[in-house]
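Residue-level structure breakdown
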Amino acid sequence: MSNPVVAASAAAAAKDKSQERQKAMIADHFHKLAMAPDLGQKCAYTFVPGNLTELLGSFGVLPVLPEINALQSGMRGKSRDYIGLAEKLGHSEDVCTYVKCDIGMLKSGNVGPTGERLPKPDLLLLSYTGCFTFLKWFELLAQEYDCPCVMLHVPYQGDGVITDSMRRYVVDQLRKKVIPALERISGRAYDEDLLKRQLALSAKAEDDLVWVLESGKRRPSPIDAYFGGVYYIGPIFTAFRGTQEAIDYYQELRGEIEDRIRQGKGPIIPDGELQEEKYRVVVEGPPNWTSFRQFWQMFTDEGAVVVASTYTKVGGVYDNGFRHDPSRPLESLADYCMGCYTNLNLPTRVAMLAKYVKEYSADGFLINSVKSCNSFSAGQLMILREVEQRTGRPGGFIESDLVDPRYFSASNIKNRLESYFQMIAQKRAGGS
Amino acid sequence: MTLDSLLRRAEDLYRDLRFTAVHEWKRRTGGLAVGFLPVYVPRELLHAMGVLPVGVMGAGDDLEIIRGDAYYQSYICHLPRSVIELGLNGALDCLDGMLFPATCDVIRNLSGMWMMQFPGKYSHYLDVPQDFAPDIGGAFYRHELEQIAEALTARGARPLTAAALRASIAAYNTHRELVEGLYTLRQQQPWLVPTGELYLLLRAGCVLPVEEHTAMLREYRAAVAAAADRRPMDQARVLLTGSFCEQPPLGLIKTLERSGCYIVDDDFVQVHRWIRGAVRADGDDPLGDLALAYLRQGMPSAIRYIDDGKKGQDLVDRVEHSGAEGVIFCAPSFCDPALLDQPMATAAVERAGIPWTAFKYAENTGQFQVIREQAGTFADSIKLWSE
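1. Comments concerning the packing of aromatic side chains
- All chains considered together, the criterion is met by 37 aromatic pairs over all chains.
- Seen in terms of ring centroids, A:W289 and A:F292 are 5.5 Å apart; in terms of plane orientation they differ by 10°. Their pairing is stacked.
- You can call A:W289 buried: its relative accessible area is 3%.
- Just above the ring of B:Y71 sits the side chain of A:R385; from NZ or CZ to the centre is 4.3 Å.
- Over the aromatic face of B:Y183 sits the side chain of B:R186, whose NZ or CZ is 4.6 Å from the ring centroid.

Next up, the structure:
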């Protein structure tokens with residue numbers, strides 16, 4: 001029986017132009033990485049939260065992002081074997097599966113998601129932002145590669161604010177540790193004017209990204225801000241912040257969404273487009289990557305749209321007004337790093353979620369709690385209760401993992417989601 | 001005090017989950033008491049302000065967790081559950097604040113949970129630097145310490161003075177020397193200092209003021225030196241590592257000893273040993289000296305970025321220094337720092353040809369038979385096969 005809330009047509013199922021562009025951009029980046037050793041291009045391994053893409057770009061250094069490689073491996077069905085291999089090598093079943101997936105990929109030849117070999121790092125840029133595991137991850141990688149590792153310790157917003165001392169600490173590390181390391185591997189001198197020009201480009205793309213994400217406030221929402229959102233954040237969270245390509249991508253994406261709004265359309269979903277928006281929810285936590293499409297389908301089957309998510313803020317929170325600022329380049333990079341979502345304390349995260357529930361007129365919020373990520377997950381049960389209390393909207397809780405398929409129980413998750421949406425329907429109907 | 005009564009006192013303090021000693025200290029002095037989680041906080045700073053630092057190491061296997069489990073998913077370690085339970089059942093009401101050091105993401109996030117759960121109490125995430133240059137990480141850390149001092153002064157603590165801080169540093173230097181002395185004595189004559197006893201002493205130091213605990217350590221040392229009935233046994237000398245945050249239950253430590261192991265070095269209650277050697281106590285800038293000690297004298301640890309040297313080399317050095325014949329990796333389940341570190345550490349000890357074994361525990365583990373068999377087999381293999 002066809003689903004009444006989904007219209008699947010050849011036209012709708014076809015990807016938007018922006019999605020094709022995004023896919024081509026990412027593929028092109030992986031190709032550049034594969035060619036880097038032959039072309040003498042330098043590469044730095046680093047992380048999405050607290051990434052310094054503009055700074056790397058100003059030295060002509062390409063970023064390699066192990067989390068992206070891991071999630072891509074998850075989506076392409078390769079993570080199970082990689083994780084298994086890492087566990088055979090002595091990595092605990094208790095720890096982050098991104099790390100194990102990455103180690104397994106490395107030990108299997110370091111072939112990236114597009115089938116091309118990833119380059120060895122010339123530098124491990126340990127941007128220790130919002131996740132303790134990052135520190136151990138790069139200590140592990142440092143055992144495997146004969147290259148320098150430079151630490152950028154980004155202080156946590158424990159008191160919910162960025163102080164001058166915190167900012168100075170990050171800027172001092174950038175100036176005295178990170179930049180000299182980049183100068184050494186690239187053979188280029190630090191060019192602040194170039195960095196400023198790139199930061200100005202970043203801010204333009206960030207404006208459009210925020211517009212796109214905030215379009216979820218409309219009814220119907222023209223976007224899915226979680227499952228669809230992960231495609232939208234792709235370019236700006238990976239290798240393209242500070243480039244004209246990012247500006248072009250976000251302008252095109254914005255144009256498409258403006259068209260959808262004019263036509264009163266809901267979001268594009270895997271099978272076409274959502275015809276009837278039955279439920280509006282906010283989601284906290286990363287998605288599961290190994291069953292990404294199946295997971296998304298569980299929402300669309302119920303006519304549920306994710307109107308806002310916190311995961312799309314993990315590589316930078318821009319909807320609070322922050323923009324990269326070319327007039328204070330290093331300070332701005334410091335503020336960016338410290339402002340990433342998992343670097344915010346729990347009261348701030350609760351306030352942000354409660355704000356999303358209200359401002360995006362959500363029926364409720366869901367937490368996808370992933371086993372791998374204590375940075376996200378520790379405290380989520382308290383977040384659930386607090387947000388429920390503050391908003392009066394029901395919260396739901398499901399558990400899965402990032403890239404370990406052993407922790408994705410489709411029937412359990414589907415049951416929970418169905419029960420959750422039934423509860424919202426009953427509340428609407430006046431039930432208790 | 002006899003050795004028996006001293007150990008009884010230490011065990012009473014360890015098992016007292018209502019923190020009676022802290023209540024008594026507060027009644028006696030009128031001072032503030034501030035709790036801290038593992039692994040390290042600079043207790044000298046609190047002491048200098050007339051504040052009692054109280055180590056909150058979890059509830060072990062003595063407390064049934066009822067509400068704490070409702071705060072955490074099954075795949076998160078046990079320590080924060082019992083800390084929440086202690087907070088909710090009123091056991092920590094005697095504390096005027098809590099410090100959550102940068103140990104891992106779970107403790108980090110617990111700091112925010114504490115803020116929401118106990119909004120009237122002082123709660124601070126102590127972000128220790130992972131950059132060890134004095135003008136970068138040192139400057140940041142110093143500011144962190146100044147912030148804590150300001151906040152405590154605002155809550156009624158004595159304002160921090162250089163003279164008071166120098167005196168506190170000196171008091172903790174003496175304490176550190178005594179703890180280290182007992183570790184050395186255990187390395188030399190492990191039959192004199194059973195780890196079950198040493199552990200209880202370390203835990204007593206979490207709730208007693210440093211002066212009182214220093215006296216207790218001295219008494220213990222004198223008592224065991226005179227204990228003629230303590231004789232060596234044919235046990236394997238092992239170094240136990242990975243238990244720096246969530247602590248193993250006392251029963252597990254005793255089980256390891258009964259299984260044929262002399263524990264000659266360990267990671268228990270590391271706050272007492274984190275700073276290696278004395279902190280300068282006669283400088284013009286004692287706060288700067290305290291910060292510098294963190295940067296330069298802090299022990300290599302899974303929670304500390306190793307920016308130079310080889311991962312695991314410190315463990316190999318400790319094995320050599322302690323005369324251990326093998327390593328037991330004894331980490332809490334779901335402990336990110338310990339378990340992510342373990343492959344690097346095991347690789348280092350394997351390179352050095354040191355035998356090792358590994359198991360996991362939770363602070364409330366109650367069944368030790370399997371561990372006893374594993375540790376016993378490990379000890380036997382060392383005795384039988386090691387050269």
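2. Thoughts on the pairing of strand β10 (residues 364-370) of chain A
Residues and elements named next belong to chain A.
- Among the 7 residues in β10, 7 count as buried, and that is most of the element.
- Strand direction decides the pairing type here: strand β8 (residues 279-284) and β10, joined by 4 bridges, are parallel. Within β10, the position partnered with V282 by the bridge is F365.
- Pairing of β10 with strand β11 (residues 395-400) involves 6 bridges; the strand directions are parallel. Residue pairing across strands places N368 opposite I398, the latter belonging to β11.

3. Focus: unusual backbone geometry
- A cis amide bond links A:R219 to the next residue, A:P220, at an omega of -5°.
- With respect to the helices and strands, the residue A:P220 is situated in the loop between α9 (192-214) and α10 (229-237).
- One non-glycine residue, A:S361, lies in the positive phi region at around 50°.
- Relative to the helices and strands, A:S361 is located in the loop between α14 (346-359) and β10.
- Positioned with a positive phi, B:V269 is a non-glycine residue whose angle comes to about 40°.
- The topology assignment puts B:V269 in the loop between β6 (261-265) and α11 (286-297).
- Under the relative-accessibility criterion, B:V269 is labelled buried at 2%.

4. Some points on the sheet that holds β8(A)
Residue and element names in this part refer to chain A.
- The strand order across the open sheet built from 4 strands is β9-β8-β10-β11, with neighbouring strands paired in parallel fashion. Where the open sheet ends on each side, the last strands, each with one partner, are β9 (304-309) and β11. Taken pair by pair, the neighbouring strands of this sheet meet at an average axis angle of 30°, ignoring direction.
- The sheet contacts of helix α12 (residues 292-300) involve β8, β9, β10 and β11, and relative to β9 the element is tilted by about 115°.

5. Re the packing of α14(A) against helix α16 (residues 380-391) of chain A
Residue and element names in this part refer to chain A.
- Put simply, α14 and α16 touch, their axes get as near as 9 Å, and they point 45° apart. The pairing of α14 with α16 is recorded here as oblique in orientation. Both α14 and α16 take part in a crossing whose hand is right-handed. Contacts between α14 and α16 pair L346, R349, V350, A351, L353, A354, V357 and K358 from the former with Q380, I383, E386, V387, R390 and T391 from the latter.
- The class makeup of the residues in the contact of α14 with α16 is 8 nonpolar, 2 polar and 4 charged.

6. As for the side chain of A:T300
- Among the structural elements, A:T300 can be located in helix α12.
- Within the local environment of A:T300, its side chain forms a polar contact with the backbone oxygen of A:Q297, the two atoms lying 3.1 Å apart.

7. Regarding the confidence of the model for chain A
- Per-residue confidence for chain A gives a mean pLDDT of 95, with 96% of residues at or over 70.
- Between residues 8-13 of chain A, whose pLDDT stays under 50, and residues either more than four places distant or in other chains, the model counts 8 contacts.

8. Digging into the pattern of salt bridges
- The full count for this structure, using the stated rule, is 53 salt bridges over all chains.
- Note that A:R428 and A:D363 form a salt bridge whose closest N and O atoms lie 2.9 Å from each other. Taken as a pair, A:R428 in helix α17 (residues 410-428) and A:D363 in the loop between α14 and β10 lie far apart in primary sequence, 65 residues in all.
- Note on A:D363: relative accessible area 17%, which makes it buried.
- Bridged by salt links that share partners, the residues B:E180, B:D265, B:D267, B:R273 and B:R318 form one connected network.

Thresholds, definitions, all that
- Residues numbered from 1 in each chain as written.
- Chains lettered and ligands numbered in written order.
- Predicted model: local features only at pLDDT ≥ 70, side-chain atom pairs only at ≥ 80, totals over all residues.
- Heavy atoms only, no water.
- Phe/Tyr/Trp six-rings, centres within 6.5 Å; stacked < 30°, edge-to-face > 60°.
- Buried < 20%, exposed > 50% of the residue type's maximum accessible area, 1.4 Å probe, protein only.
- Lys NZ or Arg CZ within 6 Å of the ring centre and 35° of its normal.
- Helix = DSSP H or I, 4+ residues; strand = E, 2+ residues; numbered from the N terminus.
- Pairing = 2+ DSSP bridges.
- Axes fitted to C-alpha atoms, helices over the stretch in contact; angles between N-to-C directions.
- Contact = heavy atoms within 4.5 Å.
- Parallel < 35°, antiparallel > 145°, perpendicular 65-115°, else oblique.
- Left-handed = near helix turned anticlockwise from the far one by under 90°.
- Nonpolar A, V, L, I, M, F, W, Y, C, P; charged D, E, K, R; others polar.
- Polar contact = N/O pair within 3.5 Å; in protein donor to acceptor, adjacent residues only side chain to side chain.
- pLDDT = per-residue confidence, 0-100.
- Salt bridge = Lys/Arg side-chain N within 4 Å of Asp/Glu carboxyl O.

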